[in-house]
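# Structural overview for review
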Amino acid sequence: PQPTGARIVTVPALSLAGVTHDYGKVRAVSDLSLSVAPGEVVCLLGPSGCGKSTILRLAAGLEEVQAGTVAIDGDVVGAPGRHVPPESRHVGLVFQDFALFPHLTICNNVGFGIRSTDQDARRSRIMAALGDVGLAHAEQSFPHMLSGGEQQRVALARALAPKPKLLLLDEPFSGLDTRLREQVRDVTLEALRKSGTATLMVTHDAEEAMFMADRIAMMREGR
């Protein structure tokens, strides 16, 4: 039992502290601090060009931190002079352009990031991820055989299959028409709730942010 008055301290799945980032003479992010708790969905909401995608790129390790710190599960992965590469951060990424491998089946696309050498365990993980997005029947299809909404669901399954510590979503529904967007959004939220994966999503759509998020962080001009 916990001693009287004791507090259980939860380490954030993602923590950015005092992060500043410039592209040449343009300041994209200015002294920004933000955290995402385990299992939480946080939406970064703001207009195009306000620095949202830069924050995702810094969290993913696609940009090196110039000032401040980025930590995942309490471990500093980005700071001046320290840069843990993307493949070592255990982070899942989903972009609006899906980025599926056209020459691989859906099954092999989803399994691409799974490191397990146990083939039965690997296949089980793949089929579970496809099942969570309602696409287990499409495992032997190729990306060009699926609709845009289905391709986005495959991209989500691929990101979740390795069981990442953190999932990063960059405007994941903006390339879909209204009907598909609502459908894929519903599937995505259900899959995130089931997996319990901490998620940071960027969007310029306030309605989408309110639908998806446990918490919304407003962003403007890098702040």
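Going by the structure above, here's the rest.
Our subject in this report is the structure included herewith. In this text the structure is predicted, and so the values were computed from the model without any measurement.

## Description of the packing of helix H4 (residues 148-160) against helix H5 (residues 178-195)
Their axes nearest at 10 Å, the elements H4 and H5 cross at an angle of 15°. With respect to their mutual orientation, H4 and H5 come out roughly parallel. Pair H4 / H5 crosses with right-handed handedness. Here Gly-149, Gln-152, Arg-153, Leu-156 and Leu-160 of H4 lie close against H5, whose contacting residues are Leu-180, Gln-183, Val-184, Val-187, Thr-188, Ala-191, Leu-192 and Ser-195. Considered class by class, the residues forming the contact of H4 with H5 number 7 nonpolar, 5 polar and 1 charged.

## Considering the nonpolar core
Of all hydrophobic cores here, the largest spans 38 residues; its most connected members are Val-110, Leu-130, Val-133, Val-154, Leu-167, Leu-192 and Met-212. Looking at this core, the elements with two or more residues in it are strand E3 (41-45), helix H2 (106-111), helix H3 (119-132), H4, strand E8 (166-170), H5 and helix H6 (206-212). In this view, Leu-192 contacts Val-41, Leu-160, Leu-167, Leu-169, Thr-197, Thr-199 and Met-212; residues no more than four positions away in its chain are not counted. With 30 residues, the next largest nonpolar core counts Val-19, Cys-50, Val-65 and Val-84 among its residues.

## Looking at unusual backbone geometry
Positioned with a positive phi, Asp-31 is a non-glycine residue whose angle comes to about 50°. Following the sequence through the fold, Asp-31 ends up in strand E2 (residues 26-36). Relative accessible area serves as the criterion here: at 53%, Asp-31 is assigned to the exposed category.

## Some details on the sheet that holds strand E10 (residues 215-218)
Spatial ordering of the open sheet is given by E7-E8-E9-E3-E10, a layout of 5 strands whose pairing is parallel. Every other strand in the sheet has two partners, leaving strand E7 (91-95) and E10 as the edge strands with one partner each. Ignoring which end each strand starts from, the neighbouring axes of this sheet average 15° apart. Pairing between E7 and E8: 5 bridges, direction parallel. When the sheet's bridge partners are listed, Val-94 is paired in E8 with Leu-169.

## Brief notes about helix H1 (residues 52-60)
Burial within H1 is extensive, with 7 of its 9 residues counted as buried. Taken as a whole, H1 has its buried residues at Lys-52, Thr-54, Ile-55, Leu-56, Leu-58, Ala-59 and Ala-60. Positive phi appears at Gly-61, one or two residues downstream of H1, with a value of about 90°.

## Description of H3
Taking 1.5 Å of rise per residue, the 14 residues of H3 would be expected to cover 20 Å, and the 20 Å separating its terminal C-alpha atoms lies within 8% of that figure. Every buried residue of H3 is accounted for by Arg-122, Ile-126, Ala-129 and Leu-130. With its buried residues spanning 100° around the axis, H3 presents them on a single face. As for H3, its buried residues are in contact with H2 and H4.

## A word on the side chain of Ser-30
Checked against the element boundaries, Ser-30 lands in strand E2. Taking the relative accessible area as the measure of exposure, Ser-30 reaches 10% and is therefore buried.

Cut-offs used in this document
Residues numbered from 1 in each chain as written. Predicted model: local features only at pLDDT ≥ 70, side-chain atom pairs only at ≥ 80, totals over all residues. Heavy atoms only, no water. Axes fitted to C-alpha atoms, helices over the stretch in contact; angles between N-to-C directions. Helix = DSSP H or I, 4+ residues; strand = E, 2+ residues; numbered from the N terminus. Parallel < 35°, antiparallel > 145°, perpendicular 65-115°, else oblique. Left-handed = near helix turned anticlockwise from the far one by under 90°. Contact = heavy atoms within 4.5 Å. Nonpolar A, V, L, I, M, F, W, Y, C, P; charged D, E, K, R; others polar. Core = buried A, V, L, I, M, F, W, Y, C linked by side-chain atoms within 4.5 Å. Buried < 20%, exposed > 50% of the residue type's maximum accessible area, 1.4 Å probe, protein only. Pairing = 2+ DSSP bridges. Expected span 1.5 Å × (residues − 1). Arc of directions from axis to C-beta.

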